[in-house]
Amino acid sequence: MTRLSRSSDLSVRRPAARLRDAALATRKRAVFFDRDGTLNEEIGHVRDAADFRVYSFAAQAVRLVNEAGLRAIVVTNQSGVGRGLIPESLVRRVNRQLTRQIAAGGGRLDAIYYCPHHPEASVERFRMVCGCRKPASGLLETAAREFGVDLAQSFMVGDRFVDMLAGRSVGARSVLVLTGVGPRELEDGKNSGTTQPDHIAEDAYKAVQWILANL
Ligand SMILES: [Mg+2]
Ligand SMILES: [Zn+2]
């Protein structure tokens, strides 16, 4: 191929390249979702996969994120593993169930990250002050490394203030949802003056609508 034909190819491809660059820029952003109380009913530690109920709006919320070209990533504290209440295999099984049910509703989760640790865990190998139990930011940082996500351009959606704090600590914007323990957390947060979220939404679907309107 001659230099001339290469340069002519380049000029033809420039608009496509710009589109591709724009697409890559949105792929560097993520919406991080908490799991329990945000995408599925909060029932405490999920001890039986049969009790796991995905909210009706969850798949649509994830689908909106997919369509906007952002990553959709779940970050969840699962200290029940460290506390010896549930085997790690059950967390993985329930996570697969979530991924499948979201997929059945037309949404695609890019990944699910979980923290099995607790400072007072009964299972010794999980007993530690780790860097991944929210409000720590380890799960978000690991996801950011693995997916090339720009955390400062990303969002955290959850029903607890630990979710808001995890998002804040990496420079992401945070949305509190009023499902799960959200209403109680909001009340407690107001009383104690805890860091407020950037936005409060009825549920994860409304949260995503707000996020996409505020990119
Ligand atoms: Mg939660
Ligand atoms: Zn951890």
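Residues numbered from 1 in each chain as written. Chains lettered and ligands numbered in written order. Predicted model: local features only at pLDDT ≥ 70, side-chain atom pairs only at ≥ 80, totals over all residues.

### A closer look at the overall build of the protein
No. 1: Tallying secondary structure elements over the protein gives seven helices and six strands in all.
No. 2: The helix and strand sequence of the protein, counted from the amino end, reads α-β-α-β-α-β-α-β-α-β-α-β-α.
No. 3: The proportion of buried residues among the 215 residues of the protein is 40%.
No. 4: In the protein, the share of contacts with a sequence separation of at least 24, taken over all contacts with a separation of at least 6, comes to 68%. (Helix = DSSP H or I, 4+ residues; strand = E, 2+ residues; numbered from the N terminus. Buried ≥ 20, exposed ≤ 12 C-beta atoms within 10 Å, placed from the backbone. Contact = placed C-beta atoms within 7 Å.)

### Some remarks on the nonpolar core
As a rule of thumb, nonpolar side chains are buried together in soluble globular proteins.
No. 1: The biggest cluster of nonpolar side chains holds 52 residues, and the ones touching the most others in it are V31, F32, V157, A204 and V208.
No. 2: Considering each element in turn, this core owes the most residues, six residues, to helix 2 (residues 58–67).
No. 3: Excluding anything up to four places from it in sequence, V208 contacts V31, A61, L64 and V65. (Core = buried A, V, L, I, M, F, W, Y, C linked by C-beta atoms within 7 Å.)

### Things to note about the sheet that holds strand 1 (residues 30–33)
No. 1: Pairing in this open sheet of six strands is parallel, and the strands run 3-2-1-4-5-6 from one edge to the other. The sheet is open, and its two borders are formed by strand 3 (111–115) and strand 6 (199–201), each paired with just one other strand. On average, each strand axis in the sheet is inclined to that of its neighbour by 25°, with strand direction left out of account.
No. 2: Where strand 4 (residues 155–158) lies against strand 5 (residues 173–177), four bridges are found, and the strand directions are parallel. Residue pairing for strand 5: M156 is matched across the bridge by S174. (Pairing = 2+ DSSP bridges. Axes fitted to C-alpha atoms, helices over the stretch in contact; angles between N-to-C directions.)

### A few points about helix 5 (residues 161–169)
No. 1: Turning to helix 5, its buried residues are F161, D163, M164, A166 and G167.
No. 2: Looking at the residues trailing helix 5, positive phi occurs at G171, about 85°.

### Some details on the pairing of strand 3
No. 1: Strand direction decides the pairing type here: strand 2 (residues 71–77) and strand 3, joined by five bridges, are parallel. What sits directly across from V75, in strand 3, is Y113.
No. 2: Following the chain from strand 2 across helix 3 (residues 88–104) to the adjacent parallel strand 3, one finds a crossover that is right-handed. (Right-handed = clockwise from strand over helix to strand, strands pointing away.)

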